[in-house]
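Breakdown of the fold
Listed below, chain by chain, are the residues.
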Amino acid sequence: MKLSDFRNLDFQNAGSWAQGVKLVFCTLLFAILVLAGWYFQINAQQEDLDQRQAKEEQLKRDFHDKQMRVANLIALKQQLDEMRDILRQLLRQLPSKTEMPALLVDISQTALGAGLETQLFQPGGESVKEGFYAEKPITLRMLGTYHQFGTFISGVAALPRVVILTMHNVALRPVAGGQLLLEGTVKTYRYVEDDESDQKQAKKPAPAKGGA
């Protein structure tokens, strides 16, 4: 195959080309077709493959993150259960339902023993909170000295059962004769036993069925 074979090519009559020239042009045409196919097909598929691989890596990271969250959630639930058990143990130190009436009497007697003048001592209806404990409000109006109120608080703290008194809208103000008047509402608490919670759940009305 000579260089002159390429100079005098008749593109109108390719059949007259030399065999070597035909082979070269066929090779070039094949290379052009391969490059065009790669550019229009393989290159686009390669870009799609890269996107899918990136998405796969992102999904793997998301799965790992969610897996870690699930593991942490299980640990947090275990900690929550442990805290609930501890709370139940602490609440069991509070008075029970059967001990509550006697406890109210003890509080009232403690006030009298401290020298306070009890003008009003009215327990209200109790309400169950969180299924663990119940709170009972007591409306008070007591008259006495600062020292007598201190003796009363110390006496309540010394009762056999754990007694918690929280103040709600309680006012302590001086009156004539150098005394103090305490009035408002305090709340005391008792432990709700398991059978009480079960009974309360059993008494809940069933949800009404929707009409047809």
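In case you missed it, the structure is sitting above this.
Residue positions are given per chain, counted from 1 along the sequence in the order it is written. Only residues with pLDDT of at least 70 get local features here, since the model is predicted, and only at 80 or more are side-chain atom pairs given and counted; chain-wide, interface and lining totals rely on the full set of residues. In computing side-chain properties, one takes all heavy atoms of the structure into account and sets aside hydrogens as well as water.

1. A short note on the side chain of K187
Counting from the N terminus, the helices are the DSSP runs of H or I reaching at least four residues and the strands are the DSSP runs of E reaching at least two. Along the polypeptide, K187 turns up in strand β5 (residues 179-191). If we skip the residues at most four places from it in the chain, K187 touches E135, K136, P137, I164, L165, T166 and H168. In what follows, residue pairs with any heavy atoms lying within 4.5 Å of each other are defined as contacts.

2. Section: the pattern of salt bridges
What counts as a salt bridge is simple: a side-chain nitrogen of Lys or Arg found within 4 Å of a carboxyl oxygen of Asp or Glu. Summed over the entire model, instances satisfying the criterion amount to 6 salt bridges. Close ionic contact of E126 with R190 constitutes a salt bridge, the shortest N to O distance being 2.6 Å. With E126 in the loop between β1 (117-123) and β2 (127-129) and R190 in strand β5, this residue pair connects regions lying 64 residues apart in the sequence. Judged by relative accessible area, E126 falls into the partly exposed class, the value being 33%. Two residues, K129 and E135, come together in a salt bridge whose shortest N-O distance is 3.9 Å. A network of salt bridges, in which partner residues are shared, links K129, E135 and K187. Relative accessibility thresholds used throughout: buried, under 20% of the residue-type maximum; exposed, over 50%; partly exposed, between the two (1.4 Å probe, protein chains only).

3. Focus: the nonpolar core
Put simply, buried Ala, Val, Leu, Ile, Met, Phe, Trp, Tyr and Cys residues joined by side-chain atoms within 4.5 Å make one nonpolar core. Within the largest apolar cluster, 18 residues are counted, with the highest numbers of intra-cluster contacts made by L116, M142 and F152. The element that contributes the greatest number of residues to this core is helix α3 (residues 100-113), accounting for 5 residues. The residues touching M142, leaving out its near neighbours within four places in the chain, are A111, L116, E117, T118, F121, F149, F152, L180, L181 and L182. Of all hydrophobic cores here, the second largest spans 5 residues; its members include L91, L94, F132 and Y189.

4. Thoughts on the environment of L104
By the element assignment, L104 lies in helix α3. As for L104 and Q122, which are separated by 18 residues in sequence, their C-alpha atoms are 9.9 Å apart. When near neighbours in sequence (up to four residues on either side) are disregarded, L104 contacts F121, P123, K136, I138 and T188.

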